[in-house]
Amino acid sequence: MKPLSAAICLLVSLPLSVVHAADTPQPQTHGIVAANMDRTVKPGDDFYHYANGEWIKRTEIPPDRSGIGVFTALSDLSNKRTAALIEEAAKANAPEGSSQRKIADLYNSYMDEASIEAKGLAPLRPHLDGIAAIQNKTELAHVLGESLRNDVDALNNTNFHTPNLFGLWVAPGFNASDHYTAYLLQGGLQLPDREYYLSDNAHMRELRTKYQAHIAAMLKLAGFTDTETRAAHIVELEHSIAEKHMSLEENEDIHKANNTWSQSDFAAKAPGLDWAEYFRGAGLSGQQNFIVWQPTAFTGESALVASASLDTWKDWLAYHLIEAYGGVLPKAFADERFAFFGQVLSGTPQQRPRWQRGVAVVNGLLGDEVGKIYAQRYFPPEAKAEAQAMVANIIAAFHKRIDALTWMAPSTKAEAQAKLDTLYVGIGYPETWHDYSGYEVKADDTFGNMWRGSLFGYHREVARLGTPVDRKEWSMTPQTVNAVNLPLQNALNFPAAILQAPFFDPQAPAAANYGAIGSVIGHEISHTFDTEGSAFDSKGAVRNWWTPEDLAHFDAVTAKLAAQYDTYQPFPDIHVNGKQTLAENIADVAGISAAYDGYHASLAGKTAPKQDGFSGDQQFFIAFAQNWGSKTREAALRQQVLTDPHAPGEYRADTVRNINAWYAAFGVKPGEKLYLASPGRVRIW
Ligand SMILES: [Zn+2]
C-alpha cells in the first residue's frame, strides 16, 4: 500500500476552535458512497469509473497537490489532528527536555521563517567548508561515509532511493532473522530512478535539461561560481552512477539481494573507494558483515569514486547537501527546489503551506511521540476489537483456501499454515514506543534540529546492529494512512489512521467494511505468501519452503497476471510494468478473494441488507473499487508508473475482473471490456 501524498488546508496557527470546526465529521452515509458512482458506465466495461466516475468529474486536484484520493482525504484528517496536537504541545509550556517541549520546539523552529532568512547560509557554511577542504580521495571517502543515513528500506516501507552514495537499512538478517543486520543499498541519484538518466524518451530528455538548470540555480544561490560547468559535471557523474544501478524490478528480487560481504571483501570486490575510511566515517568500522543488495552497483559506484575527478565529487557532495537542507534554508532555496521537484517533476503548481511541511517534519523526527497521543485520542478500544475480529475472519479464510489448493505440496502447505499461525498482526498502534530522550531539540535552531534528528535516527539504527529482533516492533506511526507487511518479522501493521471511514466504519454494513479495509487486510496477509513472502519462512528466515513444482505453478499463474497488467496504458507512450508491480497485483487479487470469504463467513448464512439498491456482494466490490478513486497529474502518474511497485489506482480497482463472484454480482457478459473468459482470470490462492 502506498498513499499518493498528504495534507491540505487549515493552519496550525489559526485559533484552535477553527481547527476543531473543520475537524468535525461531516454528516455522512455509512458504507459505499453512491453519489461518487457513475451509473451510466457499465460495470463490465469500466468498473473503476462505474464506482468513482461522479467523484472524478466533480473533483479538482488542489494546486498544491500532485494527486488526490481517499488516501489523501484521510491523510488530511490525520494531519489536521496532528497539527492540533502539536499546537496543544506548543501552548502547554512543557518543561525543557520533555517530549511535549521537543514537539513544540521542533515545529516552531521550523515555522520561524524570519529567523531562517536572517541566518541565511550561515548554518550550512561549516559543512560546505568541510567539503571544500577535502584534499584527496581518502578524505573524500571519509566524508562520503559521514553522509550515510538509514534512509532506505528494501522490504517494509520499500524505499530504494537515497541521494547519498549508499543507504543503510537495519533489519532482521536474511540468514539470521533473530538479530538485526546491516543492509547496504545503491544510491547517489537525486532524480527518482535510473530511467530518468538513461531513457531516450523525449519527456525524459527535457527533464534532464531542466534538472541541470536547477542544479546550476541551487549552486548559484549558495554562492558558487562557474555554476553551469559544475552542474554539467554533476549530471554527467549521476548519469554514470545511473548506468551502474540495478532496475527497480531487479531490486525486488530478494534472491539477487542476499549477498553477504565481510568488511574486507569490499576492497576486493568493489575497488576504488577507500572502504576502510568510508566505514570509519560512517561509524561502522566495527561491523563485520553487510548484506549488499546490488553488488554490481557497489562495484560500479566504487570505481567511479576513483575515476571521476575529485572536484566533481566535491561539487556533487555540496549540491546534494544543499538539496537535502533546502527546506530549512532561506525561502529562495525552497522555491527553487519546488520549482523543479514539485512543478517540473510532479506537475504540482503550488507548494504546500509551510505548516503542512512542518507537520511532516515532526512526524518524521518525533513520529512516535505524536503517535502516542494520537492513538489514545482517536482509536477507541471498540474499534480495535472490531478490526481484530475482521482480521481473524480473513486469516481463517486464508487457512481454508490454502487447505483447498490442489497444486501445492503438503510440506509447503504446512509451512504456509505455520506462517499464518505465527503472524503478528498489529492493530492501531505499537506495544512499545521509540525513545527520543537522546535527541536534542533547540527552540532557535531549525537547521541543527534537522541535522541532529537525521543523525539521531541513524545512530539509533547503528546501535541496534547485532541485538535481538523485536518481532512486534512497528515500522509505521499510528497517524500514517497506510498498512504494511514486514516479511522478516512475519508481522503486519495497520495504523489507527487507516482504520477509519471510508476504509473502516463500525457503523457501516459488513459488505463495505470487508470490501474496503478487509481487502487491504487480505492484501497484506497475501504478501506473506507471494513472490517475496515465499522466500521467508514462519520465523522470518530466508528459506525456500516451496517445492520446484509449487514454484513452477506459481510462476506460470502469476506470469498471466503480469501480462494482464502489461496491457494497461495510462498514456499512449507508456504502459504499466506487469513484473515491477506483480507482488502488489497478486496481493490485490488474493486480498479481495480472502476478504470476500471472510465477509460471507461474517454473514453466517443471513442475507445481507441492501444499500441504495445494491446487494451485499455489489456493495463489497464497489467499496473495494472506491478505495482506489483518485486523480493524479500527468507528470506524477508517469513517475508512479516508472518508480512505484504499485499499479495506478484505476487498474487496481479493475482487478475485480479476476474474481468469479464479481461477474455474478454485476451480470458481466462476454464482449464487455473487462470481461475475461474463465481461463484468463487469475486465481492465486
Ligand atoms: Zn502491498
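Quick notes on the rules
Residues numbered from 1 in each chain as written. Predicted model: local features only at pLDDT ≥ 70, side-chain atom pairs only at ≥ 80, totals over all residues. Heavy atoms only, no water. Helix = DSSP H or I, 4+ residues; strand = E, 2+ residues; numbered from the N terminus. Rg over C-alpha atoms; globule rule 2.2 N^0.38 Å. Buried < 20%, exposed > 50% of the residue type's maximum accessible area, 1.4 Å probe, protein only. Contact = heavy atoms within 4.5 Å. Areas by Shrake-Rupley, 256 points an atom, 1.4 Å probe, with all protein chains shown as cover. Pairing = 2+ DSSP bridges. Axes fitted to C-alpha atoms, helices over the stretch in contact; angles between N-to-C directions. Donors = N, O, S within 2.8 Å, 3.2 Å for Na, K, Ca; no water. Salt bridge = Lys/Arg side-chain N within 4 Å of Asp/Glu carboxyl O. Parallel < 35°, antiparallel > 145°, perpendicular 65-115°, else oblique. Nonpolar A, V, L, I, M, F, W, Y, C, P; charged D, E, K, R; others polar. Expected span 1.5 Å × (residues − 1). Bend = angle between axes of the 7 residues up to and from the residue. Phe/Tyr/Trp six-rings, centres within 6.5 Å; stacked < 30°, edge-to-face > 60°. Lys NZ or Arg CZ within 6 Å of the ring centre and 35° of its normal. Core = buried A, V, L, I, M, F, W, Y, C linked by side-chain atoms within 4.5 Å.

J.: Can you walk me through the overall build of the chain in this structure?
T.: Assigned secondary structure in the chain consists of 28 helices and nine strands. The C-alpha radius of gyration of the chain comes to 25 Å, within 12% of the 26 Å expected for a compact globule of 685 residues. Here the chain holds 685 residues, and the buried ones make up 59% of them. Pairs at least 24 apart in sequence give 75% of the contacts found in the chain among residues at least 6 apart. When the accessible area of the chain is evaluated, it comes to approximately 26200 Å², of which 54% is carbon and sulfur surface.

J.: What is the right way to look at the sheet that holds strand β8 (residues 491-495) in this model?
T.: Sheet strands pair by backbone hydrogen bonding; their relative direction is either parallel or antiparallel. What the three strands build is an open sheet, ordered β6-β8-β7; its pairing is mixed. Unpaired on one side and paired on the other, β6 (424-428) and β7 (484-486) mark the two borders of the sheet. Each neighbouring strand pair of the sheet contributes to a mean axis angle of 15°, computed without reference to strand direction. Where β6 meets β8, five bridges bridge the pair, whose relative direction is parallel. Paired with G428 across the bridge in β8 is P495. In the packing of helix α22 (residues 510-526) onto the sheet, the strands contacted are β7 and β8, and the crossing angle to β8 comes to about 155°.

J.: Hey, could you run me through the pairing of strand β3 (residues 180-186) in this one?
T.: When a strand is regular, its side chains alternate between the sheet's two faces. Counting buried positions over the seven residues of β3 gives seven, a clear majority of the element. When strand β2 (residues 166-172) meets β3, the two strands line up antiparallel, connected through seven bridges. Bridge pairing in β3 links V170 to A182. Here two bridges tie β3 to strand β5 (residues 289-292), and the two strands are oriented parallel to one another. Residue pairing for β5: Y183 is matched across the bridge by I291.

J.: Is there a simple way to think about the coordination of the zinc ion in this case?
T.: As a benchmark, a tetrahedral metal site with four donors has ideal angles of 109.5 degrees, while an octahedral site with six donors has ideal angles of 90 or 180 degrees. Binding of the zinc ion to the protein goes through H523 (NE2), H527 (NE2) and E584 (OE), at separations of 2.0 to 2.2 Å. Motif for the zinc ion, donor spacing along one chain: H-x3-H-x56-E. Here the residue H523 occupies a position in helix α22, and E584 occupies one in helix α24 (residues 582-603), the gap between them amounting to 61 residues. Each member of the pair, H523 as well as E584, carries the same accessibility label: buried.

J.: Can you help me understand the pattern of salt bridges in this one?
T.: Side chains that carry opposite charge are capable of pairing whenever their charged atoms lie near each other. Counted according to the given criterion, the structure contains 28 salt bridges. As a salt-bridge pair, K57 and D38 come within 3.2 Å of each other at their nearest N and O atoms. Of this pair, K57 sits in helix α2 (residues 47-58) while D38 sits in the loop between α1 (16-23) and α2, placing them 19 residues apart in sequence. Looking at K57, the relative accessible area reads 57%, which means it is exposed. By relative accessible area, which is 7% here, D38 ends up buried. Note that R280 and E277 form a salt bridge whose closest N and O atoms lie 2.6 Å from each other. Here the residue R280 and the residue E277 both occupy positions in helix α14 (residues 275-282), the gap between them amounting to three residues, near one helical turn. On the basis of relative accessible area, R280 is assigned to the partly exposed category, the value being 48%.

J.: Just checking my understanding: could you explain the packing of helix α17 (residues 331-346) against helix α26 (residues 634-643) for this structure?
T.: A pair of packed helices can be characterised by two numbers: the angle between their axes and the separation between those axes. One can describe the packing of α17 onto α26 by two numbers: an axis separation of 6 Å at closest approach and a directional angle of 85°. One way to sum up the angle between α17 and α26 is to call them roughly perpendicular. Contacts between α17 and α26 involve V344, L345 and S346 from the first element and A635, A636 and Q639 from the second. A breakdown of the residues in the contact of α17 with α26 according to their chemical character gives four nonpolar, two polar and no charged.

J.: What am I meant to see in helix α25 (residues 616-627) here?
T.: In an α-helix, one full turn covers 3.6 residues, which means residues spaced three or four apart are oriented alike. Between its first and last C-alpha atoms α25 spans 17 Å; for 12 residues at 1.5 Å apiece the expected length is 16 Å, and the two agree. Buried within α25 we find G616, D617, Q618, Q619, F620, F621, I622, A623, F624, A625, Q626 and N627. Of the surrounding elements, those touching the buried residues of α25 are α2, α3 (70-91), α22, α24, α27 (649-653) and α28 (660-666).

J.: What exactly am I supposed to notice about α22 here?
T.: Here α22 is 17 residues long, yet its end C-alpha atoms lie only 21 Å apart, well below the 24 Å a rise of 1.5 Å per residue gives. By the largest-angle criterion, G518 marks the main kink of α22, which is about 40°. Within α22, 16 of the 17 residues are buried, which leaves it mostly tucked inside the rest of the structure.

J.: Sorry if this is basic, but what is going on with the packing of aromatic side chains here?
T.: In total, this model carries 54 aromatic pairs according to the counting rule given. Taken together through their ring pairs, the aromatic side chains of F166, W261, F266, W275, Y278, F279, F290 and F298 make up a single cluster. One cation-aromatic arrangement involves R149 over Y458; the distance from NZ or CZ to the ring centre is 5.8 Å.

J.: Even after reading the chapter, I still don't get the nonpolar core, so can you show me in this structure?
T.: For soluble globular proteins, nonpolar side chains are generally found buried alongside one another. Core analysis: the biggest nonpolar cluster contains 186 residues, and F47, W313, I525, F621, W662 and W685 have the highest contact counts within it. Ranked by residues supplied to this core, first place goes to α24 with 10 residues. Setting aside residues up to four positions removed in sequence, W313 forms contacts with L140, L165, L237, I241, L304, V305 and A308. Grouped together as the second largest cluster of nonpolar side chains are 17 residues, V152, Y183, L248 and I291 included.

J.: How should unusual backbone geometry be read in this particular structure?
T.: With omega at 5°, the peptide bond leading from A501 into P502 counts as cis. In this structure, P502 sits in the loop between β8 and α22. The backbone of D226 sits at a positive phi, close to 50°, despite the residue not being glycine. Mapped onto the secondary structure, D226 falls in the loop between α9 (202-221) and α10 (227-244). Looking at D226, the relative accessible area reads 57%, which means it is exposed. Backbone geometry at A604 places phi at a positive 50°, although glycine is not the residue there. Here A604 is to be found in the loop between α24 and α25.

Structural measurements only, silent on function.
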